[in-house]
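# Structural characterization, general
The chain contents come next:
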Amino acid sequence: MFKLPDLGYSFDALEPHIDARTMEIHHDKHHAAYVEKLNTALEKYPDWQNKTIEEILSDLESVPEDIRTAVQNNGGGHHNHSLFWESMSRGGTKEPQGNLGEAIAYSFDSLDNFKLKFTEAAVGRFGSGWAWLVKNGDALEIYSTANQDSPLMEGKTPLLGLDVWEHAYYLKYQNKRPGYIEAWWNVVNWDAVAGRLT
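My aim in this report is to walk through the structure given alongside it, one point at a time. (Residues numbered from 1 in each chain as written. Predicted model: local features only at pLDDT ≥ 70, side-chain atom pairs only at ≥ 80, totals over all residues. Heavy atoms only, no water.)

### Re the overall build of the protein chain
- Within the protein chain, the secondary structure is distributed over 9 helices and 3 strands.
- Against the globule reference of 16 Å for 198 residues, the protein chain gives a C-alpha radius of gyration of 16 Å, in line with a compact fold.
- Projected onto the principal axes, the alpha-carbon positions of the protein chain cover approximately 45 × 40 × 30 Å.
- Across the protein chain, contacts joining residues at least 24 apart in sequence account for 66% of those joining residues at least 6 apart.
- Of the roughly 9,700 Å² of accessible surface on the protein chain, a fraction of 47% belongs to carbon and sulfur atoms.
- Across the protein chain, the 18 positively charged side chains and the 29 negatively charged ones have centroids separated by 4 Å. (Helix = DSSP H or I, 4+ residues; strand = E, 2+ residues; numbered from the N terminus. Rg over C-alpha atoms; globule rule 2.2 N^0.38 Å. Contact = heavy atoms within 4.5 Å. Areas by Shrake-Rupley, 256 points an atom, 1.4 Å probe, with all protein chains shown as cover. Lys, Arg positive; Asp, Glu negative; His and termini not counted. Charge placed at Lys NZ, Arg CZ, Asp CG, Glu CD.)

Listed below in structure tokens is the structure:
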């Protein structure tokens, strides 16, 4: 059975960039619902309950067809959000260091250019979804996915993801998604992101 992970910080830790009430609802209601529905979907398939969420999403085509959509949506939602919480911290970290910093500079010319392209992917995602920095083979890529789809479903390794569903920002930013994205850069935990680059 999957469990809702702790945030690792208080609901107000990301203020003023992301408000406490949004964090509380987002974590305790939205993420919790994904976990509950994922567990419900897997109830009649004990073998799948013993797999990690990464194993499940990386082999989605093998998931029994009658629960595949539920697992895609709710398993993706669980993994995406778990990564999202870990990717943020109070005050963030200034910029990526070491191998991650070098890889971003090599792939996108500069951190500023990376942020510009990532922001474009986030703003340009029609409807609900995510913007991603992923490792695809030896290369870094920026792209976006719809709904709760995970890069793992496409054989890519998610390094950094930004939730652009309205529930992630609407209480504070209303329909101003670009304002939310601009503020979010202030809380990115680059150390956590670097830890995923292997």
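### Details of the nonpolar core
- The biggest cluster of nonpolar side chains holds 44 residues, and the ones touching the most others in it are Met88, Phe114, Leu160, Tyr180, Trp184 and Trp190.
- Residues within four places of Trp190 in sequence aside, it is in contact with Thr93, Lys94, Glu95, Pro96, Leu100, Ile104, Leu111, Phe114, Leu160 and Trp185.
- If you look at the next biggest cluster of nonpolar residues, it comprises 14 residues, including Val35, Leu38, Leu42 and Leu57. (Core = buried A, V, L, I, M, F, W, Y, C linked by side-chain atoms within 4.5 Å. Buried < 20%, exposed > 50% of the residue type's maximum accessible area, 1.4 Å probe, protein only.)

### Digging into the pairing of strand 1 (residues 129-136)
- Of all 8 residues in strand 1, 7 are buried; the element is thus mostly enclosed.
- In this antiparallel pair of consecutive strands, strand 1 and strand 2 (residues 139-146), the connection spans 2 residues, and Gly137 shows a positive phi of 70 degrees.
- Bridge analysis of strand 1 against strand 3 (residues 157-163) gives 6 bridges, and the strand direction is antiparallel. Opposite Leu133, over in strand 3, you have Leu160 as the bridge partner. (Pairing = 2+ DSSP bridges.)

### Description of the packing of aromatic side chains
- Applying the stated criterion to the full structure yields 13 aromatic pairs.
- Between Phe118 and Trp184, the aromatic rings sit 5.7 Å apart at their centres with planes inclined by 15 degrees, giving stacked as the arrangement. Here Phe118, found in helix 6 (residues 111-124), pairs with Trp184, found in helix 8 (residues 177-184); they are 66 residues apart in sequence, far enough to count as distant.
- Ring geometry for Phe118 versus Trp185: centroids 5.4 Å apart, planes at 65 degrees, classification edge-to-face. Pair noted here: Phe118 is in helix 6 and Trp185 is in the loop between helix 8 and helix 9 (190-194), with a separation of 67 residues, a long-range link. For the pair formed by Phe118 and Trp185, the shared burial category is buried.
- Here the aromatic cluster, defined as three or more aromatic residues joined through ring pairs, consists of Phe108, Phe114, Phe118, Trp184, Trp185 and Trp190. (Phe/Tyr/Trp six-rings, centres within 6.5 Å; stacked < 30°, edge-to-face > 60°.)

### Digging into the side chain of Arg196
- Looking at where Arg196 falls in the secondary structure, it is placed in the segment after helix 9.
- According to the relative accessible area criterion, Arg196 is buried, its value standing at 15%.
- A polar side-chain atom of Arg196 sits 3.3 Å from a polar atom in the side chain of Glu86.
- Sequence-distant contacts of Arg196, defined by excluding residues within four places in its chain, comprise Leu83, Glu86, Ser87, Thr157, Pro158 and Leu159. (Polar contact = N/O pair within 3.5 Å; in protein donor to acceptor, adjacent residues only side chain to side chain.)

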